[in-house]
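# Observations on the model geometry
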Amino acid sequence: MKRKSFLRLSTTLAAAPMIAPIQDFLPKEKIKNWAGNLTYSTTNIISPATPEAVSAFVKKTSRLKALGTKHCFNTIADSKHQLVSSQQLNKVITLDETSQTVTVGAGIKYGELAPYLHEKGYALHNLASLPHISVAGSCVTATHGSGVNNGNLATAIRAFEFVAADGSIHQLSAEMNGDLFKGAVVNLGAIGVITKVTLQLQKAFNMRQYVYEHLPVKQLEQHFNEIMSAGYSVSLFTDWQSDTINEVWIKSHENETTDFSKMDTFFGAKAAVKNMHPIADLSAENCTEQMGVAGPWYERLPHFKMGFTPSSGKELQAEYFVPYENAVDAILAVAQLGKKTGPHLFISEIRSIAADDFWMSPAYQRKSVAIHFTWKQEWNDVQRLLPLVEKELSPFDCRPHWGKLFRLSAAELASRYEKINDFKSLVLKYDPEGKFRNDFLTKTIYG
């Protein structure tokens, strides 16, 4: 650096505290999602602590997006202008024992909320495989667990509060707002910034988890419903490299009568003799307890422990929902791609989700099975493979998980969501000038 330039910069930095914090002159650290595959398009981010602060900021800001725990793999929560984090909206607000509901800040994580609820004698109906995700972020993308009778996480919502584009604060409830509520819950971040969520509760319960290895695929053809209905929540893990399903995880409710501890085999699969990771070669240290050991619901429904922070920078994820009645055909179709997907895949998971009435939910008015892909972080290969998977699943009108990677066009998505035009009208009501619209919404919803 030339002497004059150095002196000029030194003088500027020396005077900076009198004008503004010195960090304002330094490059801001880029914001990445938890897997490290996505760098957000702005470093402008704030974390309001109250709905009123959110309202004031939204009112004066021209373009922005709400940001949760950054567990999405695509740009659904990205903004080129401004991000509003729900990180500080993370408190339990009220627990209503009469209605058996809890109202929480939008940014609270399931891993933070669940132990509190259990201590009070309550539970949620289901949890996703990771407990580190926020309530609002999970619900607006229809994130889910498994279970033939269990709807996605959003189906627990009884009411929620959000800030619309003009800064006004709105409350919608299942009881009072009917179709408007059904359209707004799974909203993809398009209608505003969610600040509070009210969830339906049930009595706390205990569970036991069992794992079986090497289930013959032929058993799916003959007994799919029996297998997926064997427990409160059932997941199948496969790498598509053989004629067997690698692992079957059965999460059994304490009220269920089947005693898996006395079943050495399950439709041809053999009982595991130790705790397992979904990828059999990896340590199960961070996985929830198995081998039939009883424990509270929130320590069994996720695959991974609450205290475990997921590793970053190691995977990509995609997931597709198909009608339950087409599940076996869809699974067999994807299996034909095994030689192509195998080198780039860690594992796939197959789960069941009950139908719901949320307009933009992948399980809208159809009981579904979701086929999930945990890819190696090899985007050039994965983006080539996704259209192949989607082609195999297209006869079943597959719908992608909104927070994961997919290549389906806006026209293809529109053909699979009969309420999409109603959804656009709903968005227009709360965001008439597109303050919350970003490239993701433009590409996938508006074409």
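Just so you know, these numbers come straight off a predicted model, no measurement behind them.

### Here's the deal with the sheet that holds strand β7 (residues 157–163)
- Strand order in this open sheet of five strands is β4-β5-β9-β7-β8, and the pairing throughout is antiparallel. Only two strands of the sheet have a single neighbouring strand rather than two, namely β4 (92–96) and β8 (169–173). Geometrically, the sheet is characterised by an average inter-axis angle of 15 degrees between neighbouring strands, direction not taken into account.
- Here β7 pairs with β8 via five bridges, running antiparallel. Residue pairing across strands places Phe160 opposite Leu172, the latter belonging to β8.
- Seen against the sheet, helix α3 (residues 110–119) touches β4, β5 (101–105) and β9 (193–200) and runs at an angle of roughly 30 degrees to β4.

### Concerning the sheet that holds strand β3 (residues 83–85)
- Pairing in this open sheet of three strands is parallel, and the strands run β1-β3-β2 from one edge to the other. Both outer strands of the open sheet, β1 (45–46) and β2 (65–67), are each paired with one neighbouring strand and no more.
- Across three bridges, the pairing between β2 and β3 is parallel. Paired with Ala66 across the bridge in β3 is Val84.

### Description of the side chain of Glu319
- Looking at where Glu319 falls in the secondary structure, it is placed in strand β17 (residues 315–323).
- Residue classification places Glu319 among the buried residues on the basis of a relative accessible area of 0%.
- For Glu319, the side chain forms a polar contact with the side chain of Arg351, separated by 3.2 Å.
- Those residues within four positions of Glu319 in sequence are excluded, and the remaining contacts are His144, Arg351, Ala370, Ile371, His372, Arg399, Pro400, His401 and Lys404.

### Concerning the confidence of the model for the protein chain
- On average, residues of the protein chain carry a pLDDT of 93, and 93% of them reach 70 or more.
- This stretch, residues 1–26, has a pLDDT under 50; its non-local contacts, to residues over four places away or in other chains, come to six contacts.

### Digging into the nonpolar core
- Residues Phe160, Trp297, Met360, Leu393 and Trp402 are the most contacted members of the largest nonpolar core, which totals 127 residues.
- With residues up to four places along the chain from it excluded, the contact list for Leu393 reads Tyr320, Val322, Ala330, Val334, Ile371 and Cys398.
- The next biggest cluster of nonpolar side chains, apart from the first, holds 10 residues, and it includes Phe57, Val58, Leu89 and Val193.

### Focus: the environment of Gly137
- Structurally, Gly137 is set in helix α4 (residues 135–140).
- The spacing of Gly137 and Asp439 is 302 residues in sequence and 18 Å in space, taken between C-alpha atoms.

### Observations concerning the pairing of strand β18 (residues 345–353)
- Counting buried positions along β18 gives eight out of nine residues, so the element sits mostly inside the fold.
- Here β18 pairs with strand β19 (residues 368–376) via eight bridges, running antiparallel. Residue pairing in the sheet places Arg351 in a bridge with Ala370 of β19.

### Focus: the state of the cysteines
- Counted according to the given criterion, the structure contains zero disulfides.
- Looking at Cys72, it has no disulfide partner, and the nearest cysteine sulfur is the one in Cys139, 12 Å off.
- By relative accessible area, Cys139 is classed as buried at 1%.

### Quick look at the packing of aromatic side chains
- Counted by the stated rule, this structure contains 21 aromatic pairs.
- Look at Tyr212 and Phe260: their rings are 6.5 Å apart centre to centre, the planes differ by 65 degrees, and that puts the pair in the edge-to-face class. With Tyr212 in strand β11 (residues 206–216) and Phe260 in the loop between β13 (244–253) and β14 (265–266), the pair connects residues that are 48 residues apart, well separated along the chain. For the pair Tyr212 and Phe260, a shared accessibility class is recorded, and that class is buried.
- Relative to Tyr324, the ring of Phe224 has its centre 5.5 Å away and its plane inclined at 55 degrees; by these criteria the two rings are tilted. Of this pair, Phe224 sits in helix α6 (residues 217–228) while Tyr324 is found in the loop between β17 and α7 (327–335), placing the two residues 100 residues apart along the sequence. Each member of the pair, Phe224 as well as Tyr324, carries the same accessibility label: buried.
- Taken together, Phe160, Phe162, Phe181, Phe358 and Tyr430 form an aromatic cluster joined through their ring pairs.
- A cation sits over an aromatic face here: Lys367 above Tyr324, 4.1 Å from the ring centre.
- A cation over an aromatic ring shows up here: Lys429 above the ring of Tyr430, its NZ or CZ 5.5 Å from the ring centre.

### Thoughts on helix α5 (residues 174–184)
- Of all the positions in α5, only Phe181, Gly183 and Ala184 are classed as buried. Projected down its long axis, α5 carries its buried residues within an arc of 135 degrees, all on one side.
- Contacts made by the buried residues of α5 are with β7, β8 and α11 (420–430).

### Looking at the packing of α6 against α7
- Where α6 meets α7, the closest approach of the two axes is 9 Å, and the angle between their N-to-C directions is 165 degrees. By the angle class used here, α6 and α7 are roughly antiparallel. The two elements α6 and α7 cross, and the hand of that crossing is left-handed. Note on element contacts: α7 touches α6 through Ala327, Val328, Ile331 and Leu332, opposite Val217, Leu220, Glu221 and Phe224.

### Focus: the pattern of salt bridges
- By the definition in use, this model includes eight salt bridges.
- Note that Arg351 and Glu319 form a salt bridge whose closest N and O atoms lie 3.2 Å from each other. With Arg351 in strand β18 and Glu319 in strand β17, this residue pair connects regions lying 32 residues apart in the sequence.
- Of the charged contacts in the structure, one is a salt bridge between Asp422 and Lys419, with a shortest N-O distance of 3.1 Å.
- For Asp422, a relative accessible area of 36% translates into the label partly exposed.
- Residue Lys419 is classed as buried on the basis of its relative accessible area, which comes to 19%.
- Connected through shared salt-bridge partners, Glu319, Glu349, Arg351 and Lys404 make up one network.

Thresholds, definitions, all that
- Residues numbered from 1 in each chain as written.
- Predicted model: local features only at pLDDT ≥ 70, side-chain atom pairs only at ≥ 80, totals over all residues.
- Heavy atoms only, no water.
- Pairing = 2+ DSSP bridges.
- Helix = DSSP H or I, 4+ residues; strand = E, 2+ residues; numbered from the N terminus.
- Axes fitted to C-alpha atoms, helices over the stretch in contact; angles between N-to-C directions.
- Contact = heavy atoms within 4.5 Å.
- Buried < 20%, exposed > 50% of the residue type's maximum accessible area, 1.4 Å probe, protein only.
- Polar contact = N/O pair within 3.5 Å; in protein donor to acceptor, adjacent residues only side chain to side chain.
- pLDDT = per-residue confidence, 0-100.
- Core = buried A, V, L, I, M, F, W, Y, C linked by side-chain atoms within 4.5 Å.
- Disulfide = S-S within 2.5 Å.
- Phe/Tyr/Trp six-rings, centres within 6.5 Å; stacked < 30°, edge-to-face > 60°.
- Lys NZ or Arg CZ within 6 Å of the ring centre and 35° of its normal.
- Arc of directions from axis to C-beta.
- Parallel < 35°, antiparallel > 145°, perpendicular 65-115°, else oblique.
- Left-handed = near helix turned anticlockwise from the far one by under 90°.
- Salt bridge = Lys/Arg side-chain N within 4 Å of Asp/Glu carboxyl O.

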